[in-house]
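# Structural features, examined
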Amino acid sequence: MQTYLLSQQFNTGSLAENSTACPANATICNGTSCVLPEDNFNETLSIVLSTVLTIMLALVMFSMGCNVELKKFWGHIRRPWGIFVGFLCQFGIMPLTAFLLSLAFDVLPIQAVVVLIMGCCPGGTASNVIAYWVDGDMDLSISMTTCSTVFAMGMMPLCLFLYTKMWTDSNAIVLPYDSIGISLVALVIPVSFGMYVNHRWPSKAKIILKIGSIVGAVLIVLIAVVGGILYKGSWIISPKLWIIGTIFPAAGYSLGFLLARVAGLPWHRCRTVSLETGMQNTQLCSTIVQLSFTPEQLELMFTFPLIYSIFQLFFALLILAGYRVYRRHQVRTKTDVEKTEEKEDSKSMSSHVKINGGFVSNETK
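As annotated in an unreviewed UniProt entry, the chain carries the name Ileal sodium/bile acid cotransporter and comes from Halcyon senegalensis. Under the UniProt heading Subcellular location (unreviewed entry), the entry covering the chain gives this text: "Membrane". The UniProt entry for the chain carries the following comment under Sequence similarities (unreviewed entry): "Belongs to the bile acid:sodium symporter (BASS) (TC 2.A.28) family."

Turning our eyes to something else, we now look at the overall build of the chain. Within the chain, the regular secondary structure consists of 14 helices and 2 strands. Residues counted as buried form 44% of the 365 residues belonging to the chain. If you take every contact in the chain between residues at least 6 apart in sequence, the share linking residues at least 24 apart comes to 82%. About 18800 Å² of surface is accessible on the chain, with carbon and sulfur atoms providing 65% of the total.

The next point concerns unusual backbone geometry. The backbone of Asp-106 shows a phi angle near 50 degrees, a positive value even though the residue is not glycine. As for its placement among the helices and strands, Asp-106 is situated in the loop between α4 (81-105) and α5 (109-120). Its identity as a non-glycine residue notwithstanding, Asp-135 has a phi of 60 degrees, on the positive side. For Asp-135, the location among the structural elements is in the loop between α6 (126-133) and α7 (138-163).

For the rest of this paragraph, the subject is the side chain of Gln-312. Within the fold, Gln-312 resides in helix α14 (residues 304-355). Setting aside chain neighbours within four positions, we find Gln-312 in contact with Pro-249, Tyr-253, Gly-278, Met-279, Gln-280 and Thr-282.

Here we come to the packing of aromatic side chains. Taken as a whole and judged by the stated rule, the model has 9 aromatic pairs. Plain terms: the ring middles of Phe-248 and Tyr-308 are 5.4 Å apart, the flat faces sit at 80 degrees to each other, and that makes the pair edge-to-face. In this pair, Phe-248 sits in helix α10 (residues 239-262) while Tyr-308 sits in helix α14, placing the two residues 60 residues apart along the sequence. Both rings, one in Phe-314 and one in Phe-315, keep their centres 5.4 Å apart while their planes meet at 70 degrees; by these two values the pair is edge-to-face. Classification of Phe-315 by relative accessible area gives buried; the value is 19%. Members of the aromatic cluster, joined through ring pairs, are Phe-87, Phe-91 and Phe-151.

Under the 1.5 Å per step criterion, the end-to-end length of helix α11 (residues 267-278) is 17 Å for 12 residues, consistent within 8% with the ideal 16 Å. The buried count for α11 comes to 9 of 12 residues, which makes it a mostly enclosed element. For α11, the complete set of buried residues consists of Cys-270, Arg-271, Thr-272, Val-273, Ser-274, Leu-275, Glu-276, Thr-277 and Gly-278.

Quick look at the nonpolar core now. One finds Met-64, Val-115, Ile-117, Met-156, Phe-248, Phe-293 and Met-301 to be the most contacted residues of the largest nonpolar core, which totals 70 residues. In this structure Met-156 touches Cys-120, Cys-121, Pro-122, Leu-175, Ile-180, Leu-284 and Ile-288, once residues within four positions along its chain are discounted. Met-144, Cys-147, Leu-265 and Val-273 belong to the second-largest nonpolar core, a separate cluster that totals 11 residues.

Once that is clear, we can look at the packing of α6 against α7. In contact at an axis separation of 10 Å, α6 and α7 are set at 170 degrees when each is read in the N-to-C sense. Relative to α7, the element α6 is oriented roughly antiparallel. Each of Ser-127, Asn-128, Ala-131 and Tyr-132 in α6 lies in contact with α7, whose residues at this interface are Met-138, Ser-141, Ile-142 and Thr-145. The class makeup of the residues in the contact of α6 with α7 is 4 nonpolar, 4 polar and no charged.

Every α-helix winds through 3.6 residues per turn, so residues three or four apart in the chain are directed the same way. Of all 8 residues in α6, 6 are buried, a share of seventy percent or more. For α6, the set of buried residues is Ser-127, Asn-128, Val-129, Ile-130, Ala-131 and Tyr-132. One or two steps after α6, the chain reaches Asp-135, where phi turns positive at roughly 60 degrees.

This part covers the environment of Lys-206. Here Lys-206 is to be found in helix α9 (residues 202-230). The sequence separation of Lys-206 and Asn-67 amounts to 139 residues, and the corresponding C-alpha distance is 7.4 Å.

Moving on, we get to the environment of Val-188. As for its position among the elements, Val-188 is in helix α8 (residues 177-200). Spatially, the C-alpha atoms of Val-188 and Ser-143 are 9.7 Å apart, while their sequence positions differ by 45 residues.

In a packed pair of helices, the relevant descriptors are the angle between the two axes and the axis-to-axis distance. Two elements in contact, α5 and α7, have axes whose closest approach is 10 Å; the angle formed by their N-to-C orientations is 145 degrees. Crossing geometry of α5 relative to α7 is assigned as right-handed. On α7, the residues touching Leu-116, Ile-117 and Cys-120 of α5 are Met-156, Cys-159, Leu-160 and Tyr-163. Residues belonging to the contact of α5 with α7 are distributed by class as follows: 7 nonpolar, no polar and no charged.

Rules behind the numbers
- Residues numbered from 1 in each chain as written.
- Predicted model: local features only at pLDDT ≥ 70, side-chain atom pairs only at ≥ 80, totals over all residues.
- Heavy atoms only, no water.
- UniProt positions renumbered as here; feature names shortened; annotations may be inferred.
- Helix = DSSP H or I, 4+ residues; strand = E, 2+ residues; numbered from the N terminus.
- Buried < 20%, exposed > 50% of the residue type's maximum accessible area, 1.4 Å probe, protein only.
- Contact = heavy atoms within 4.5 Å.
- Areas by Shrake-Rupley, 256 points an atom, 1.4 Å probe, with all protein chains shown as cover.
- Phe/Tyr/Trp six-rings, centres within 6.5 Å; stacked < 30°, edge-to-face > 60°.
- Expected span 1.5 Å × (residues − 1).
- Core = buried A, V, L, I, M, F, W, Y, C linked by side-chain atoms within 4.5 Å.
- Axes fitted to C-alpha atoms, helices over the stretch in contact; angles between N-to-C directions.
- Parallel < 35°, antiparallel > 145°, perpendicular 65-115°, else oblique.
- Nonpolar A, V, L, I, M, F, W, Y, C, P; charged D, E, K, R; others polar.
- Left-handed = near helix turned anticlockwise from the far one by under 90°.

Next up, the structure:
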């Protein structure tokens, strides 16, 4: 019934049945753009890769938990100002930005809805890895990711109801609460074990954290590559979606940082809130899209979550590179200042010695 309603509301047009540009087994064919059904090899590959990625993600979140202190984490829960700022960014700024971008570029209704779905998704776990590399507040990062996933149970339906009314009935969009619950469990359990290890064996936790951070960086790139491999369909979609997929994550990072700074958070927490805002749970968005739309409708927007994923990673790496350059320059500047101060101290000492005829008091030794 939901699929039928969407088919009526989104008039996507008929398919080019006699097109010679696509293979005969294509489920969707429109000129040079086609989507192929999954063959046995692709299905097997998907299962194997999903299993490997799930295990790697659990290990990465376990290692991230090794950098979380229970007292600080509980402190963010008891005094949730940082979490509240992140909540405003996640379910205030991002859905509104998606709505404004859809209006500004005048995309098709079905394309506007998928942009809004992306904007309403909770934060992704990749933000925790990047937050570690930019010296962010890991306790705040983990608590924000956990809380945004919990809040998504109620905030996603509310945001979609408010922003999609002009394009479609929000009841026609299927929200996979089981996937949200699985994401929450996959986050909480490994992090909890990591916090326990950090509490009992802090020295071993540091080693695990270093290894996990490297594995996490590899995992982020691997997920982006695997996403492109599993889609054998054409990447030829509306240029407007490419532009929105480029602007959207950059706007999320910038606006999240700005709001956090206006709220008076320190710099390391501003970086954390920025990453938590811009990095969305794109896997959840892809699941919602697959459950909610027909194959004919997917042809217009099924690659947008992948586009967003690629550019959110691209801008996150730019932020990381920029921070590393800034930190190296800052350390170099501090070293130069310390050397200058040492020279000045030695000069004052020598002049003091000359004035006192070579006598040096015990206080100056």
